[in-house]
Amino acid sequence: KKEAEYLGMLEYSKDQEEKLLKSIITDLKPRIASQMLPGMPAYIVFMLIRHLDHINDDKNVRSLIQGGISHIKKTIKKRGQTDIELKTLWLSNTLRLLHCLKQYSGEPQFQAESTVKQIEHCLRNFDLSAYRRVLSDIAVWIYQGITKVMEEEVQPGLVVALLEHEGIGGLSGDKPRPMRGRAGSTGNDLDTPTHLDPKEALDGLLTQLTRFHLVLQKHGLDPEIISQIFRQIFYYLCAGSLNNLLLRKDMCHWSRGMQIRYNIAQLEQWARDQNLEDTGSKVIDTLLPIIQATQLLQARKSEEDVPGICDMCDKLRVSQIIKILNLYTPADEFEERVSPAFVRKIQNKLQERAMEEAKNQVTLLMDTKFSFAVRFPFNPSNINFAELEIPEMYNNLPTLVRKV
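Computed from a prediction, not measured in an experiment: that's the story for all the values here.

Parameters at a glance
- Residues numbered from 1 in each chain as written.
- Predicted model: local features only at pLDDT ≥ 70, side-chain atom pairs only at ≥ 80, totals over all residues.
- Heavy atoms only, no water.
- Helix = DSSP H or I, 4+ residues; strand = E, 2+ residues; numbered from the N terminus.
- Contact = heavy atoms within 4.5 Å.
- Expected span 1.5 Å × (residues − 1).
- Buried < 20%, exposed > 50% of the residue type's maximum accessible area, 1.4 Å probe, protein only.
- Core = buried A, V, L, I, M, F, W, Y, C linked by side-chain atoms within 4.5 Å.
- Phe/Tyr/Trp six-rings, centres within 6.5 Å; stacked < 30°, edge-to-face > 60°.

A. Geometry of the environment of cysteine 100. Inspection of the secondary structure puts cysteine 100 in helix α5 (residues 84-103). In the structure, cysteine 100 is positioned 53 residues away from methionine 47 in sequence and 9.9 Å away in space, judged by C-alpha atoms. Apart from residues lying up to four places away in sequence, cysteine 100 is in contact with Tyr43, Phe46 and Phe385.

What follows is the structure, given as C-alpha cells:
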C-alpha cells in the first residue's frame with residue numbers, strides 16, 4: 001500500500017485484546033519508551049480506537065478503553081509506587097490520550113490548530129467524551145503520586161540544605177549547633193543526598209531536582225505540567241524550611257538570615273535556568289514565605305521600621321512574624337534586642353490581618369500536606385496518524401496489529 005492510502009488506523013484481532021494491552025502498557029519499559037516518539041503508546045491506542053469507530057464497533061471500543069485504563073492503574077500500583085520514571089511515562093501518555101480524545105472529537109473548540117488531514121481523522125460514530133473525565137482523574141492520581149515520591153526524596157536533606165548550609169564565608173556570629181563530620185567535607189559526595197553534610201546537602205538537593213526534571217522531560221510531559229510539579233515541590237521545600245526555622249532559636253539571627261537567603265536564591269536560580277517560569281505558573285512565588293522570613297531576620301527593627309516590615313511580610317502569617325521576632329537573637333553586644341514595645345507595635349499594625357487569620361483558623365506552621373489544584377491545559381499534537389510507524393523495538397507489537 002502507498003502511504004496516501006492508509007487511513008491512519010490500526011486493526012487488531014478482538015480475542016487478542018488482553019495480549020495487546022499487555023504489550024502496549026504492562027510490558028513497556030521506560031527505557032524503551034524513551035527511545036520512541038513521546039506519546040507513542042497513546043497514539044497506538046487511539047489508532048485502535050479509530051478503527052473500532054470506523055467499523056462502528058461500540059462494544060469493543062468501550063472494552064478497549066476500559067481495559068487500557070485498568071492496565072495503566074495496575075502497572076503503576078504493582079511496579080510504580082516509588083518509580084518516578086514509570087509514573088511519568090504513564091502520566092504523559094494518559095494526558096496524550098486525553099488530548100487525542102479532545103482533538104479528534106469533532107468539537108470545533110479543539111480544532112483550531114488541527115490540519116485538514118487531522119480534521120478528516122476525527123471520530124465519526126462515537127461520542128467518547130465521558131472517558132475524558134475518567135482519564136483526567138487518573139492523570140491527577142498519577143500526578144499526585146509523582147509529587148509525593150519527590151517530596152519523600154527531598155525531605156531528609158531539606159533542612160540541612162536550606163537552613164544549615166553556609167554559602168557565604170566569613171559571617172560572624174553564625175553558630176548553629178555543630179554538625180558531625182563537617183569540617184573535612186569536600187562537597188563532591190553527591191551520590192547520597194541523605195548524607196547530611198551541609199556543604200554537600202544543597203548541591204545534593206539541586207542535583208535531585210535536576211534529575212527529576214530530566215525524567216519529566218524525557219517522556220514528553222507538557223511544560224505546563226512540569227512547572228506545576230515543581231511549584232508543588234517548591235511549596236514543600238518552603239513549608240519544611242520555614243516550619244523548622246519557626247521552632248529553632250539558634251537560626252533566628254541576622255547572619256543566619258543572610259545564609260538562608262543565599263541558599264533559597266540557589267533554588268530560584270535553578271528554576272530560572274530550567275525555564276520553569278515560562279509557562280506562567282508562578283513556581284518561584286511559592287518560596288516567598290521563607291524569603292520574607294529571611295528578610296525579617298535581616299531587617300532593622302526600630303520603631304520607625306514597623307510599617308515597612310509589615311508591608312514586606314505580606315506572605316507570612318501574623319503569628320509567624322511575631323514568633324520570629326520573639327525568637328530573634330542579636331548577633332553581638334552592639335545590636336539591640338527586639339524590644340517588647342516594637343513587637344506590640346507590629347501586633348497593633350497587623351491586628352486586622354490577625355483577626356482574619358483567626359477567623360480562618362490559620363496555624364503557626366505551614367501545612368506540608370497542602371497541594372495545589374492541578375490543571376491539564378489542552379495540548380494538540382501535529383502527528384499525522386497515516387504516517388506513524390510502530391517501532392520494531394515495541395514489544396513485538398507490529399505482529400499484533402495491522403495498519404489500515
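B. Up close: helix α10 (residues 254-273). With 20 residues, α10 should cover 28 Å at 1.5 Å per step; its first-to-last C-alpha distance of 29 Å lies within 8% of that length. Within the sequence span of α10, burial applies to Ser255, Arg256, Gly257, Gln259, Ile260, Asn263, Ile264, Leu267, Glu268, Trp270 and Ala271. A positive phi of about 55° marks asparagine 275, the residue just after α10.

C. Representation of unusual backbone geometry within the structure. Although it is not a glycine, asparagine 56 adopts a positive phi angle of roughly 55°. In this fold, asparagine 56 is placed in the loop between α3 (40-54) and α4 (58-79). In this structure, glutamine 361 takes a positive phi of about 50° despite not being glycine. Mapped onto the elements of the fold, glutamine 361 is located in the loop between α15 (351-359) and β2 (401-403).

D. Examining the nonpolar core more closely. Ile49, Leu245 and Ile346 are the most contacted members of the largest nonpolar core, which has 123 residues in total. With 16 residues, the single largest contributor to this core is helix α7 (residues 130-164). Excluding its chain neighbours within four sequence positions, the residues that come into contact with isoleucine 49 are Val61, Leu64, Ile65, Leu97, Leu123 and Leu128.

E. Expanded view of the packing of aromatic side chains. Counted by the stated rule, this structure contains 11 aromatic pairs. Relative to tyrosine 104, the ring of phenylalanine 46 lies with its centre 5.4 Å away and its plane at 35°, an arrangement referred to as tilted. On the criterion of sequence distance, the pair formed by phenylalanine 46 in helix α3 and tyrosine 104 in the loop between α5 and α6 (116-120) is long-range, its members being 58 residues apart. A residue is classified by how much of its surface remains accessible, and phenylalanine 46, at 0% relative accessible area, is buried. The exposure class assigned to tyrosine 104 is buried, which follows from its relative accessible area of 0%. Ring geometry for phenylalanine 110 against phenylalanine 378: centres 4.9 Å apart, planes inclined by 65°, an arrangement best described as edge-to-face. Placement of the pair is phenylalanine 110 in the loop between α5 and α6 and phenylalanine 378 in the loop between α15 and β2, with a sequence separation of 268 residues.

Spatial relationships are all this shows, so hold off on functional conclusions.
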